[in-house]
Amino acid sequence: MPKTNFISVLWLGFLGLTIVFLALSAFSMTADMQAAHEPILVFGKYSALIFGMFSSIFSLLALSFSLNTMAGRPLSLFTVAVATVLLVLSAGLLLSGVAPDAAPVPATAAAFLMALRALGVALLPPRGDRSGLTEAGCSLALTALSAALWWFVDPAFVPAALASTLLLSWPHLIDGINAFADKVFHQAALSAGARDLAPGAFTRLARARDIVIDKAAVMSGPDLMVTNVMAFNNEPRTLLAVAASAEAQSTHPVAVALRQLASQWHVAVKCPDRFEPAPGLGVVALLGGQTVVIGTTDLLKRLKIDSFTADAIARSLEADGKTVLRVAVGGRVVGVLGLEGTLRQDAGVAGLALRAEGLVPWLFSGDSRNTREALADMLGLEILNDPKPGETAQEAARRLLPQDPLVLTLSRDRTCLELRDCVPAGAEPGEQAPIAVSNTDDIGAFPALKALAMRRNRLAVRARRLLTGIWAVGGLGGAFALAPLALAPLLFAACLAILWAFARFSVADTLGKPAASF
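Here goes a summary of the coordinates provided. Counting from 1, residues in each chain are numbered in the order their sequence is written. Restriction of local features to residues with pLDDT of at least 70 applies here, the model being predicted, together with a cutoff of 80 or more for giving and counting side-chain atom pairs; totals for whole chains, interfaces and linings are based on all residues. Side-chain metrics rest on all non-hydrogen atoms present in the structure, leaving aside hydrogens and water.

## Considering the packing of helix H5 (residues 133-153) against helix H17 (residues 445-479)
Link 1 in the chain: Between H5 and H17, the least distance of the axes is 10 Å, while the angle of their chain directions is 20°. By the criterion of interaxial angle, the relationship of H5 to H17 is roughly parallel. As H5 runs across H17, the sense of the crossing is right-handed. Across from Glu135, Leu142, Ser146 and Trp150 in H5, the residues of H17 making contact are Arg464, Thr468, Ala472, Gly475, Leu476 and Ala479. Every axis corresponds to a line fitted to the C-alpha atoms, with the helix fit spanning only the stretch in contact, and the corresponding angles, defined between N-to-C directions, vary from 0 to 180 degrees. Put simply, DSSP marks the helices as runs of H or I at least four residues long and the strands as runs of E at least two long, and each gets a number from the N terminus on. Each angle gets one of four labels, with under 35 degrees taken as roughly parallel, over 145 as roughly antiparallel, 65 to 115 as roughly perpendicular, and the rest as oblique. Helix crossings get a hand from a simple test, with the near helix turned counterclockwise from the far one by less than a right angle marking a left-handed crossing and a clockwise turn marking a right-handed one. It only takes one pair of heavy atoms within 4.5 Å for two residues to be counted as in contact.

If you want it as structure tokens, here you go:
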């Protein structure tokens, strides 16, 4: 349904005119067949055709508000094309004089087809789960078969059989089949702890097979703690003073941790003469006329600084899942720093929960491979191989995994967790709105959100099968002249009621649950 008041008024006006001309077309068709109600036949024998044409035009205007989105556009355009063919068929029959009594029927069927599609898109906005073209193609095939059979039985009845079969079997609601479900499941998610769900969130979640978890998302907070200050000259206070001073102008969690420890040890911190961060690798600073490098072994290799001894010490620390930084002064490594954060309490079971919902969880971290492997073993996650320095989790996911995985990251204000898509080519990380945002920093919320999405998918499959069966029966009823064309609105209303009942009672047992998870 359109958002602004002005567009809403326009839509209601167009839909109102659609229904008026649809009624006039139906009455004109009946009057023409029964040679009664002459005042309704404003345009003589062309009345049903012209009224049906006007009804279709206003239906198209009502549909135009939704045609600017991909969801629903294929079936809407296909419906317009089929309705146009029906109008042309009706005009051809009238002009040629072939089956004049049945000639108005295709035009009225076109008006019904367009009106019900416009109403269906408004009541159940398409979700993009299914285009509906397959079902529409089956409807056309059934219609063609019906027309071919009646051609041999009674050619004069072909237009009526064609119109009834097509209209009663047309899948008006197939691409919006999850609209009611989304409202109910969205309510379930909100009541269970979700703060935000983007449009199409359930569809994206249901299709996902991989999820990349940023290391920050499994830590209990942004704070790191320096656990190891290993100076090769046995002067850890001097090593800490150099490292904290080199990072004095940085706001990175590593810099904060170094300055906090320096304050606890009562070590003086100076301001560097020059500070150059190397994202994902470390920093290079000029302190007291000497170049100080703090970072990974990759940064030292880039600067052609030998770190063999430091690497040997670092391996034992990385095996415990710690972040290890080498410190070099004047082109020579003088020590090693070990840092670690606190894992979230629910991080240990998150991997198992995600796997149980059909997702393969991957850990993204800019740490060394040994540290990444240790953390992944602790959490039961897979590791992303060889992330590039300074690369974000979204960028790494796009580059390393082919199936467009989901990415779980910490929000910029570090107050909640965000579920995002990979970064599209040429886009900046964080440009797109997150798919879902947790109401808390509980990582265990997201497996339950995936469960809701999969439950919604199963509901959609059952509903689609039931509705497809109903449309098939309706089409057969029209083909065998057992169901009149006027039954289409009642069939449409019955399908709406079925979808509402499916959605409402499918999560009735989840709405009252406490907000332990999505």
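That shown, we press on.
## Observations regarding the sheet that holds strand S6 (residues 290-295)
Link 1 in the chain: A strand pair is defined by DSSP finding two or more bridges across the two strands. The antiparallel open sheet is built from six strands, whose spatial order is S3-S8-S7-S6-S5-S4. Since the sheet does not close on itself, it has two edges, and those belong to strand S3 (225-231) and strand S4 (274-278), each with one partner. Adjacent strand axes in the sheet meet at a mean angle of 15°, parallel and antiparallel pairs treated alike.
Link 2 in the chain: Taken together, the six bridges between S3 and strand S8 (residues 332-340) define a ladder with antiparallel strand orientation. From the neighbouring strand, Met225 faces S8, where its bridge partner is Glu340.
Link 3 in the chain: Against the sheet, helix H11 (residues 253-264) contacts S3, strand S7 (323-329) and S8, and its axis sits at roughly 70° relative to S3.

## Focus: the nonpolar core
Link 1 in the chain: What we call a nonpolar core is a set of buried Ala, Val, Leu, Ile, Met, Phe, Trp, Tyr and Cys residues that are connected through their side-chain atoms within 4.5 Å. Classification of residues uses two cut-offs on accessible area relative to the type maximum, computed with a 1.4 Å probe and protein chains only: under 20% is buried, over 50% is exposed, and between them is partly exposed. By size, the foremost hydrophobic cluster in this structure holds 105 residues, and its most contacted members are Leu173, Ile211, Ile213, Leu408, Leu419, Leu449 and Leu499.
Link 2 in the chain: Considering every element that reaches this core, the biggest residue donor is helix H4 (residues 104-123), with 13 residues.
Link 3 in the chain: Setting aside its immediate chain neighbours within four residues, Leu173 contacts Gly120, Leu124, Trp471, Phe492, Cys495, Leu496 and Leu499.
Link 4 in the chain: If you look at the next biggest cluster of nonpolar residues, it comprises 28 residues, including Val226, Val254, Val283 and Val329.

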